[in-house]
Amino acid sequence: MYIKKILLLISLIGLIILSIFSYFVYVTMFVSNTNFNNDIAYVYIYTDQTFEQLKQDLNPVLKNINSFERLAIRKGYDVKLKPGKFAIKKGMNNNQIINTLRSNKLTVDVIFNNIDNEYELAGKISSQIEADSLSLLNSFKDLDFFKSNGFNKYNSLSIFLPNSYNFYWDTDANSFRSRMLKEYNLFWNDLRKQKLKQIGLNQSQVMILASIVTQESKMKSELTTIAGVYMNRLNNNWLLQADPTVKYAAYQLPEYKNEIIRRILYKHLKIDSKFNTYKYKGLPPGLIALPDISSIDAVLNFEKHKYFYFSADPNNIGYHNFSRTLYEHNNNAKKFHKYLDSKGIKK
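Residues numbered from 1 in each chain as written. Predicted model: local features only at pLDDT ≥ 70, side-chain atom pairs only at ≥ 80, totals over all residues. Heavy atoms only, no water.

A look at the overall build of the chain
Here is step 1 of the chain: Along its length, the chain carries 15 helices and six strands.
Here is step 2 of the chain: Rg of the C-alpha trace for the chain: 31 Å, well past the compact-globule value of 20 Å for 347 residues, more than 25% over.
Here is step 3 of the chain: Burial status across the chain gives 42% buried among its 347 residues.
Here is step 4 of the chain: Of all intrachain contacts in the chain linking residues separated by at least 6 positions in sequence, the fraction that spans at least 24 positions is 64%.
Here is step 5 of the chain: Looking at the chain as shown, the accessible area adds up to about 19600 Å², and 51% of this sits on carbon and sulfur atoms. (Helix = DSSP H or I, 4+ residues; strand = E, 2+ residues; numbered from the N terminus. Rg over C-alpha atoms; globule rule 2.2 N^0.38 Å. Buried < 20%, exposed > 50% of the residue type's maximum accessible area, 1.4 Å probe, protein only. Contact = heavy atoms within 4.5 Å. Areas by Shrake-Rupley, 256 points an atom, 1.4 Å probe, with all protein chains shown as cover.)

Focus on unusual backbone geometry
With the exception of glycine, the majority of residues adopt a negative phi angle, and the majority of peptide bonds are in the trans configuration.
Here is step 1 of the chain: Phi at D48 is positive, roughly 70 degrees, even though this residue is not glycine.
Here is step 2 of the chain: Given the relative accessible area of 71%, D48 is considered exposed.
Here is step 3 of the chain: Unlike most non-glycine residues, Q241 shows phi in positive territory, near 50 degrees.
Here is step 4 of the chain: Here Q241 shows up in the loop between α11 (223-235) and α12 (243-251).

Description of the environment of R70
Here is step 1 of the chain: Mapped onto the elements, R70 comes out in helix α3 (residues 65-74).
Here is step 2 of the chain: Classification of R70 as partly exposed rests on a relative accessible area of 40%.
Here is step 3 of the chain: For the pair R70 and S217, spaced 147 residues apart in the sequence, the C-alpha separation amounts to 60 Å.

What to know about the pairing of strand β1 (residues 40-45)
Here is step 1 of the chain: Of the two faces of β1, only the one carrying A41, V43 and I45 is buried; I40, Y42 and Y44 on the other face are not.
Here is step 2 of the chain: As paired elements, β1 and strand β2 (residues 84-89) share six bridges and run antiparallel to each other. Opposite Y42, over in β2, you have A87 as the bridge partner. (Pairing = 2+ DSSP bridges.)

A closer look at the packing of aromatic side chains
Here is step 1 of the chain: Counting across every chain of the model gives 21 aromatic pairs.
Here is step 2 of the chain: Measuring from centroid to centroid gives 5.9 Å for F336 and Y339, while their planes differ by 25 degrees, and the two rings are stacked. Here F336 and its partner Y339 are both found in helix α15 (residues 326-342), three residues apart, which amounts to about one turn of the helix.
Here is step 3 of the chain: Joined through ring pairs, the aromatic side chains of F140, F160, F167 and F176 make up one cluster.
Here is step 4 of the chain: Here K85 stacks its cationic end above the ring of Y42, 4.4 Å away from the centre of that ring. (Phe/Tyr/Trp six-rings, centres within 6.5 Å; stacked < 30°, edge-to-face > 60°. Lys NZ or Arg CZ within 6 Å of the ring centre and 35° of its normal.)

Laid out in structure tokens, this is it:
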């Protein structure tokens, strides 16, 4: 009888221990451990981030970081973090959270437009993926990479076509650059290459001219007309006389680094630079900004007309008046200069 009591007691203790263990397992693995009101909390895990750092980042969104840690160690997750962006859904338990952080990496939409140079591009991209602006900038200035792919220091930025792209958040600088080269090559499909033959320009020349068109107007309805003006000038061996190229040439000089040029003056036209199309015939040696896709296609499909001039329209800001003769153009230009004077824009 005594032995039976001992065995019964041992059994009861065993059941209690098993119940406690089962409860511990249940709480650790299957009870909701989220601590936020929104439907989703996004977690960003950096490359080379430690588990201790991850715990600090997760602490605000989890009810019990200790139970998460216990299960993470048990499943071996603490020694092999995967970088990226992840979505933790409200009500998830620790097991679901760990499985999500292991295998459900999300992508992000990387968007860039209205970019003038590699510094602006690096800053814009670094705000959307893990790569920092310095690593991106170094990647953009790697001439060996660009030369091996048929580019030079003046047109290397051609591969970065302003648009929206889908990336994993933890994409590094060189991977971003390689993806952009792939997108650029896909952009130049057979139809666009056929257009090159029709207009008598190569890819680099189209990109350069498109960068000028991009800077001339943001109104898509007149881009093909502007492109047509410049094609008329090129085909008739005229100077392009594009104001945006003069601005670009000025901004390369130390005295204009911190100045915003809102009005092209005679002194600007005298700047001795291959980018100054008031002094040198033909296209400048390289891009003056990142051309957007609409401007590239505007050059490839330029409007065939007899306009050789255009001037900003003071009665319809953002748009331009087009003219065939210098006399018409001078009258239009006078109206715009009068408008600038009325606004106190002197430089």
